Amino acid sequence: MLPATFKLCAGISYRHLRNMTGLRRTAAVALSHELEKLALVGPGPSQWINQVRRRSSLLSSRLEEKVFNEAEISYIKQGQEALKKSMSILGEQDGWKVEIVAENGDKVLSKVLPDIGKVFKLEAVVEKPLDRVYGELVDNMESMGEWNPNVKEIKILQRIGNDTVITHEKAAETAGNIVGPRDFVSVRCNKRRGSTCILAGMSTRFGGMPEQKGYVRAENGPTCMVLHPVLEDPSKTKLTWLLSIDLKGWLPKSIINQVLSQTQVDFAKHLRSRVAMSSNVS
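What comes next is a walk through the structure. The structure presented is a predicted model; accordingly, all values stated were derived computationally and were not measured.

1. Regarding helix 6 (residues 130–139)
In an α-helix there are 3.6 residues to a turn, and that puts residues three or four apart on one side.
Item 1. Where burial is concerned, most of helix 6 is hidden: seven out of the 10 residues are buried.
Item 2. Among all positions of helix 6, only L130, V133, Y134, G135, E136, L137 and V138 are buried.

2. Topic: the pattern of salt bridges
Item 1. In total, this model carries 13 salt bridges according to the counting rule given.
Item 2. Between R274 and E136 there is a salt bridge; the shortest N-O distance is 3.0 Å. Remark: E136 occurs in helix 6 and R274 occurs in helix 8 (residues 253–281); sequence separation between them is 138 residues.
Item 3. Among the ionic contacts, a cluster of salt bridges with common partners joins D106, E127 and R272.

3. Describing unusual backbone geometry
Item 1. Between G221 and the following residue, P222, the backbone shows a cis peptide bond with an omega angle of 0 degrees.
Item 2. By secondary structure assignment, the location of P222 is in the loop between strand 9 (219–220) and strand 10 (223–229).

4. Examining the nonpolar core
Item 1. Formed by 37 residues in total, the largest nonpolar core has its most connected members in L137, L227, F267 and L271.
Item 2. Looking at this core, the element that brings in the most residues is helix 8, giving eight residues.
Item 3. When near neighbours in sequence (up to four residues on either side) are disregarded, L227 contacts L130, V133, Y134, L137, S195, T196, C197, T237, K238 and L239.
Item 4. Among the nonpolar cores identified, the runner-up in size contains 23 residues, and Y75, L83, L109 and C189 belong to it.

5. Details of the environment of E99
Item 1. With respect to the helices, strands and loops of the structure, E99 is situated in strand 1 (residues 97–101).
Item 2. The exposure class assigned to E99 is partly exposed, which follows from its relative accessible area of 27%.
Item 3. In this structure the C-alpha to C-alpha distance between E99 and Q262, which are 163 residues apart in sequence, comes to 9.3 Å.
Item 4. Here E99 is in contact with V108, L109, S110, K118, F120 and S261, once residues within four sequence places are set aside.
Item 5. Polar contacts involving the side chain of E99 include one to the side chain of K118, which spans 3.1 Å.

6. Notes on the packing of aromatic side chains
Pairs of aromatic rings are described using the distance from one ring centre to the other and the angle between the two planes.
Item 1. Under the defined criterion, the tally for this structure stands at three aromatic pairs.
Item 2. Ring centres of Y75 and F206 lie 6.3 Å apart, and the angle between their planes is 45 degrees; on these two criteria the pair is classed as tilted. With Y75 in helix 5 (residues 70–91) and F206 in the loop between strand 7 (196–203) and strand 8 (216–217), this pair connects stretches of sequence that are 131 residues apart.
Item 3. When the ring of W241 is compared with that of F267, the centres are 4.9 Å apart and the planes differ by 55 degrees; the resulting orientation is tilted. Of this pair, W241 sits in strand 11 (residues 237–243) while F267 sits in helix 8; the two residues are 26 residues apart in sequence, bridging distant segments of the chain.
Item 4. In this structure an aromatic cluster arises from ring pairing among W147, W241 and F267.
Item 5. One cation-aromatic arrangement involves K121 over W96; the distance from NZ or CZ to the ring centre is 4.3 Å.

7. Let's talk about the pairing of strand 7
Item 1. The buried fraction of strand 7 is high, at seven of eight residues.
Item 2. The pairing of strand 6 (residues 182–193) with strand 7 spans eight bridges and is antiparallel. Of the residues in strand 7, the one forming a bridge with S186 is S203.
Item 3. Once strand 6 ends, the chain turns through two residues before running back antiparallel as strand 7, passing G194 with a positive phi of about 65 degrees.
Item 4. Direction of pairing for strand 7 relative to strand 10: antiparallel, over a ladder of five bridges. Bridged to L199 within strand 10 is M225.

How each quantity is defined
- Residues numbered from 1 in each chain as written.
- Predicted model: local features only at pLDDT ≥ 70, side-chain atom pairs only at ≥ 80, totals over all residues.
- Heavy atoms only, no water.
- Buried < 20%, exposed > 50% of the residue type's maximum accessible area, 1.4 Å probe, protein only.
- Helix = DSSP H or I, 4+ residues; strand = E, 2+ residues; numbered from the N terminus.
- Salt bridge = Lys/Arg side-chain N within 4 Å of Asp/Glu carboxyl O.
- Core = buried A, V, L, I, M, F, W, Y, C linked by side-chain atoms within 4.5 Å.
- Contact = heavy atoms within 4.5 Å.
- Polar contact = N/O pair within 3.5 Å; in protein donor to acceptor, adjacent residues only side chain to side chain.
- Phe/Tyr/Trp six-rings, centres within 6.5 Å; stacked < 30°, edge-to-face > 60°.
- Lys NZ or Arg CZ within 6 Å of the ring centre and 35° of its normal.
- Pairing = 2+ DSSP bridges.

Set out below in structure tokens:
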């Protein structure tokens, strides 16, 4: 059986066969099984068998990885670009103007960028560990409409790998219907770098979600949320939220600025209530 297995493995060295993912996977798995048998026989060249076995296991695991199509790769790149741009904006400390300072210390700042327009930045501390906050914002993303009055619904349209999703979000109408119904189609990616979590996103096009009747298709991004433990108290989480939105339609800038900055303050308040409630339940 072993000679036949090596013939199978040798066959995939030819270019026209090397592109056949199923054949490569079959060869890797077969080789791994044969090496397992040899290792159990007894005395023999066990050292090189173990070395090859480790390599074949690595090859097999790599072949099991998802192969993305062109559209999926494009979405992944968009998410990475949103993250890169967002972190670049947050890295610039100069030029931020204070919009709101809440009694509990939550702060919203803003600045105008040449190619993007006005962006807003929320700085807040949530009195719960990072994993709790991250779980609510990522793992339970589709439940946000249950606790955030500014969101009517979030639906995941497609998952791409472990870090990227396409979402459709319906925003709730503002009080007095100052801003009518808006919706967004976004690509979102999440990354974890040590103790810091970054959730980034931007608007995208998705064939399965055309413009909806009764909603104005708004655009957002680059936008992101950065989470990391408070240095003095790791049981708390520092939240920084960069918000960049074009609501479309004919709306005075003064109203847009007021609505967006207040939306961020409200979000922090509702998030605190949510994680406190989920902590009590668990």
